Amino acid sequence: MSAIVERYAQKFEKSGRLSERGHRTIPNGAHLSRPLHPFPVYVEHAQGGLKWDADGNEIVDYMMGYGALILGHSHPKINEALTARLAKGTHMGAATPEELRWAELVSELIPSAERVRFTSSGTESTLLAIRLARAFTGKNKVVKFREHFHGWHDYVSMESGINTQAGIPPEAMATVIVAEPDVDELAALFEQDGDVAAVIMEPTGAHWGQFPVQNPSFLESVRELTARHGVVMIMDEVITAFRLSRGGAQGRYGVTPDLTTMAKIVAGGLPGGAVAGKDDIMSLLAPGNHPVHMSHPGTFIANPLSATAGIACLETLANEPVNERADAMAERLKAGLVEAMGRMEVIGHVHGVASIIHVVLGAECNDGGGISTLPHDELAERTAAQSGPLKLAMLNEGVDMMGGIGFIVSAAHGEDLIDRTSEAFENSLKALRAEGVV
Ligand code: PMP
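These numbers come from a predicted model, not from an experiment.

Turning our eyes to something else, we now look at empty space enclosed by the protein. Following the criterion strictly, the structure yields one cavity of 30 Å³ or more and no others. Volume-wise, the largest cavity comes out at about 80 Å³. Along the walls of the largest cavity sit 14 residues, with Thr-204, Gly-209, Pro-212, Gly-352 and Val-353 positioned nearest its centre. Those elements giving two or more residues to the lining of the largest cavity turn out to be α9 (206–209) and β13 (356–361). Residues of the lining of the largest cavity, tallied by class, amount to seven nonpolar, seven polar and no charged.

Written as structure tokens, this is what we have:
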């Protein structure tokens, strides 16, 4: 057993025992999208930028609800609003005034949001957007870019990695084209194939920008090509909406898609998602407004609790310098990480936009504009090699990174937590060096 794993097993001993219990009822022992070896940490409570596990360890959190918690954990405004709403009931089985306010806020903040429809998750949002695009255009195929992540339904899960092809009918897979995020390739593809209904993409590149695209030029080119060929452009802003700017990636880069998919921040940390976009496409969901009608039912869509948390979050974000605070703390952390690598004489670089940070060990490559220009395969290889050991080494130092490849910073991370994180990173590099990882 490596020294890192040994220390982890001791520090998180109760989590180890909970994981053994978990295996008896839950396949994989815990509902985590990426299994953590030797076992995951079971967390009991959280506040601001911190969380505490079953052993009582205090952990600086950069998972941040997989990106849902831009205000940090247990934000008082969201908590107060939810407590008041709980006393009034959790499901009305009817329309509520909350869903109207929630939709109005999304519409005010997101440039493409002429109309809004809520869902229960990001996966449901991308499924709904793809179905809408197919119904609207009468065409069948969808183009997605290599490794861009859009959830786990049949039309976005054909690449190995987080997803697997198991159980997806080949007929469903045959309707999806996986393309390189390359403008010339996309142009050629549109010329050859007249049956493309939509292009769906993560606006900053695959895996919340781990494999970055050059913006705004890439988004502008996709916008221009899709418009020319009558293809619906779906910007998947599940991670980036309300984070890259109040108006998401589209607000930051000034490129307006036809449809936008959202989740995470939109529901203030509770389950929920949204699809927003052009009135002529969205009106397929209103019987009588369009020759084609598309149904979209769902028990928990726009439920009052998610709506309440969403309203509290979006109102706070609209009126306070939430993005500015999170972005400034991310800048401070980036500088701290680079300094730690310098002091340790470890080769590596950081990149990322706004409050998102990616770390790549083993290769120097940065164009100075926050975009890693390392080729896809090399980036994939390096980050795959570092992610497991770095995630564990950082947890040993009391920091939970996103997948061992990066950090999602919130407005609740103060300078003290940021500096504690840089120090933890330096100590982790020492532990990794002792094991020959760096
Ligand atoms: N799209 C993107 C860009 C995502 O990052 C995610 C989740 N990480 C999804 C879709 C799926 O969202 P959910 O987990 O809410 O189904």
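The full set of residues close to the ligand is Ser-121, Gly-122, Thr-123, Phe-149, His-150, Gly-151, Glu-202, Asp-236, Val-238, Ile-239 and Lys-264. Within the contact set of the ligand, an oxygen atom lies 2.8 Å away from a backbone nitrogen or oxygen of Gly-122. Across the shell around the ligand, the residue classes tally to three nonpolar, five polar and three charged.

All right, on to the sheet that holds strand β10 (residues 259–263) then. Strand order in this open sheet of seven strands is β4-β11-β10-β9-β7-β5-β6, and the pairing throughout is mixed. Every other strand in the sheet has two partners, leaving β4 (115–119) and β6 (176–179) as the edge strands with one partner each. Sheet twist, expressed as the average angle between the axes of neighbouring strands with direction ignored, equals 20°. Two elements, strand β9 (residues 232–236) and β10, share three bridges in a ladder whose sense is parallel.

So, about the packing of aromatic side chains. Enumeration over the complete set of coordinates arrives at five aromatic pairs. Look at Tyr-8 and Phe-39: their rings are 5.1 Å apart centre to centre, the planes differ by 35°, and that puts the pair in the tilted class. With Tyr-8 in helix α1 (residues 3–11) and Phe-39 in the loop between α2 (13–25) and β1 (43–47), the pair connects residues that are 31 residues apart, well separated along the chain. Look at Tyr-8 and you get buried, because its relative accessible area is 0%. Using a relative accessible area of 10% as the deciding quantity, one classes Phe-39 as buried. Between Trp-102 and Phe-118, the ring centres sit 3.7 Å apart and the planes meet at 10°, which makes this aromatic pair stacked. With Trp-102 in helix α5 (residues 97–109) and Phe-118 in strand β4, this residue pair connects regions lying 16 residues apart in the sequence. Across the pair, exposure class does not vary: Trp-102 and Phe-118 are buried alike.

Quick look at the pattern of salt bridges now. One pass over the structure, following the stated rule, counts 24 salt bridges. The salt bridge partner of Glu-108 is Arg-101, with a shortest N-O separation of 3.9 Å. Here Glu-108 falls in the exposed class, since its relative accessible area comes to 58%. Residue Arg-101 is classed as partly exposed on the basis of its relative accessible area of 29%. The salt bridge involving Arg-332 is made with Glu-415; its shortest N-O contact spans 3.7 Å. Linking Arg-332 in helix α14 (residues 322–344) with Glu-415 in helix α16 (residues 415–434), this pair joins segments that are 83 residues apart in sequence. Taking relative accessible area as the criterion, Arg-332 reaches 33% and is therefore assigned partly exposed. Salt bridges sharing common partners tie together Lys-51, Asp-61, Lys-391 and Asp-400.

A separate point is the packing of helix α4 (residues 76–86) against helix α13 (residues 304–319). Interhelical geometry of α4 versus α13 gives an angle of 150° and a closest axis separation of 9 Å. Taken as axis vectors, α4 and α13 run roughly antiparallel relative to one another. For α4 against α13, the interelement crossing comes out right-handed. For the pair α4 and α13, the contacting residues are Lys-77, Ile-78, Ala-81, Leu-82, Arg-85 and Leu-86 in the first and Pro-304, Leu-305, Thr-308, Ala-309, Ala-312, Cys-313 and Thr-316 in the second. When its residues are assigned to classes, the contact of α4 with α13 shows nine nonpolar, two polar and two charged.

In terms of burial, β10 is largely enclosed, as five of its five residues are buried. Burial along β10 is two-sided: Leu-259, Thr-261 and Ala-263 and Thr-260 and Met-262, pointing in opposite directions, are all buried. The pairing of β10 with strand β11 (residues 273–277) spans five bridges and is classified as antiparallel. Bridging across to β11, Thr-261 finds its partner in Val-275.

Ranked by size, the top nonpolar core spans 38 residues in total, and within it Leu-361, Phe-407, Val-409 and Phe-425 carry the most contacts. Put simply, the parts of the chain that give this core at least two residues each are α1, β2 (50–53), β3 (58–61), α14, β13, α15 (376–396) and α16. For Leu-361, the residues in contact, after removing those within four places along its chain, are Met-341, Val-346, Ile-347, Gly-348, Arg-382, Gln-386, Leu-390, Phe-425, Leu-429, Leu-432 and Val-438.

The next point concerns the environment of Pro-304. Here Pro-304 shows up in helix α13. Pro-304 gets classed as buried once you look at its relative accessible area, which sits at 3%. Sequence spacing of Pro-304 and His-91 is 213 residues, and the spatial spacing of their C-alpha atoms is 6.4 Å.

Rules and cut-offs
- Residues numbered from 1 in each chain as written.
- Predicted model: local features only at pLDDT ≥ 70, side-chain atom pairs only at ≥ 80, totals over all residues.
- Heavy atoms only, no water.
- 1 Å grid on protein atoms, 1.4 Å probe; cavity = no way out; pocket = protein on both sides within 12 Å on 5 of 7 lines; lining within 4 Å.
- Points joined across faces, edges and corners; volume = space filled by probe spheres on them.
- Helix = DSSP H or I, 4+ residues; strand = E, 2+ residues; numbered from the N terminus.
- Nonpolar A, V, L, I, M, F, W, Y, C, P; charged D, E, K, R; others polar.
- Near = heavy atom within 4 Å.
- Polar contact = N/O pair within 3.5 Å; in protein donor to acceptor, adjacent residues only side chain to side chain.
- Pairing = 2+ DSSP bridges.
- Axes fitted to C-alpha atoms, helices over the stretch in contact; angles between N-to-C directions.
- Phe/Tyr/Trp six-rings, centres within 6.5 Å; stacked < 30°, edge-to-face > 60°.
- Buried < 20%, exposed > 50% of the residue type's maximum accessible area, 1.4 Å probe, protein only.
- Salt bridge = Lys/Arg side-chain N within 4 Å of Asp/Glu carboxyl O.
- Parallel < 35°, antiparallel > 145°, perpendicular 65-115°, else oblique.
- Left-handed = near helix turned anticlockwise from the far one by under 90°.
- Contact = heavy atoms within 4.5 Å.
- Core = buried A, V, L, I, M, F, W, Y, C linked by side-chain atoms within 4.5 Å.

Geometry only, nothing functional implied.
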